[in-house]
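Understanding the architecture of this molecule
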Amino acid sequence: MKFLKQLALIFAVCLAGEGLAGLLPFTFPGSVLSMVLLFVLLASKLLKLEQVEDAGDFFLKNMAFLFVPTVVGVMEHFPLLLQNLLPLLAVIIITTILTFGAAAWTATAVIRLQSRKKGGKADD
């Protein structure tokens, strides 16, 4: 019964996120808004981790199965993807490099900030 309550809480947050996305004057994915809403609820302690932990663990352990419909949908459009292979590869490579750079810059900035708080000096 505990698992069903946790599942219901997660689905309620998803429903609220979809509802909020529908109210916005611009297009925004309801799933992303739902994740942000869940994060805000957890960070503000309005929702405690124990209230959704088991259901969240279940979703994480079975994440591969949740991607099967998406992959099948992408494979339906494989000829179109094949026609645009070079531009897609360019975008993938460029965004991967940019993501790595942003992650490295962010990690460096956080380390420096933490070092300043402790009164030490960051290693350069």
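Below is a summary of the structure that appears in this document. (Residues numbered from 1 in each chain as written. Predicted model: local features only at pLDDT ≥ 70, side-chain atom pairs only at ≥ 80, totals over all residues. Heavy atoms only, no water.)

Glancing now at the environment of Asn62. Within the fold, Asn62 resides in the loop between helix 3 (53-61) and helix 4 (63-76). The partly exposed category is assigned to Asn62, whose relative accessible area is 23%. A distance of 2.9 Å separates a polar atom in the side chain of Asn62 from the backbone oxygen of Phe58. (Helix = DSSP H or I, 4+ residues; strand = E, 2+ residues; numbered from the N terminus. Buried < 20%, exposed > 50% of the residue type's maximum accessible area, 1.4 Å probe, protein only. Polar contact = N/O pair within 3.5 Å; in protein donor to acceptor, adjacent residues only side chain to side chain.)

A few words on the environment of Phe11. Along the polypeptide, Phe11 turns up in helix 1 (residues 2-23). With 23 residues separating them in the primary sequence, Phe11 and Ser34 have C-alpha atoms 9.4 Å apart.

In this structure the tally under the stated criterion is four aromatic pairs. Between Phe26 and Phe28, the ring centres sit 6.5 Å apart and the planes meet at 85°, which makes this aromatic pair edge-to-face. With relative accessibility at 49%, the residue Phe26 sits in the partly exposed group. Cluster of aromatic residues (ring-pair linked, three or more members): Phe3, Phe11, Phe58 and Phe59. (Phe/Tyr/Trp six-rings, centres within 6.5 Å; stacked < 30°, edge-to-face > 60°.)

Tracing the sequence through the fold places Asn84 in the loop between helix 5 (78-83) and helix 6 (85-118). Spatially, the C-alpha atoms of Asn84 and Leu38 are 36 Å apart, while their sequence positions differ by 46 residues.

Here the structure, examined in full by the defined rule, presents one salt bridge. Of the charged contacts in the structure, one is a salt bridge between Asp54 and Lys2, with a shortest N-O distance of 3.4 Å. Separated by 52 residues along the polypeptide, Asp54 in helix 3 and Lys2 in helix 1 bring together distant segments of the chain. Residue Asp54 is classed as partly exposed on the basis of its relative accessible area, which comes to 35%. (Salt bridge = Lys/Arg side-chain N within 4 Å of Asp/Glu carboxyl O.)

Right, let's talk about the nonpolar core for a bit. Counting five residues, the largest nonpolar core is built from Leu7, Ile10, Leu47, Val52 and Ala55. For Ala55, the residues in contact, after removing those within four places along its chain, are Phe3, Gln6, Leu7 and Ile10. (Core = buried A, V, L, I, M, F, W, Y, C linked by side-chain atoms within 4.5 Å. Contact = heavy atoms within 4.5 Å.)

In short, shape yes, function no, at least from these values alone.
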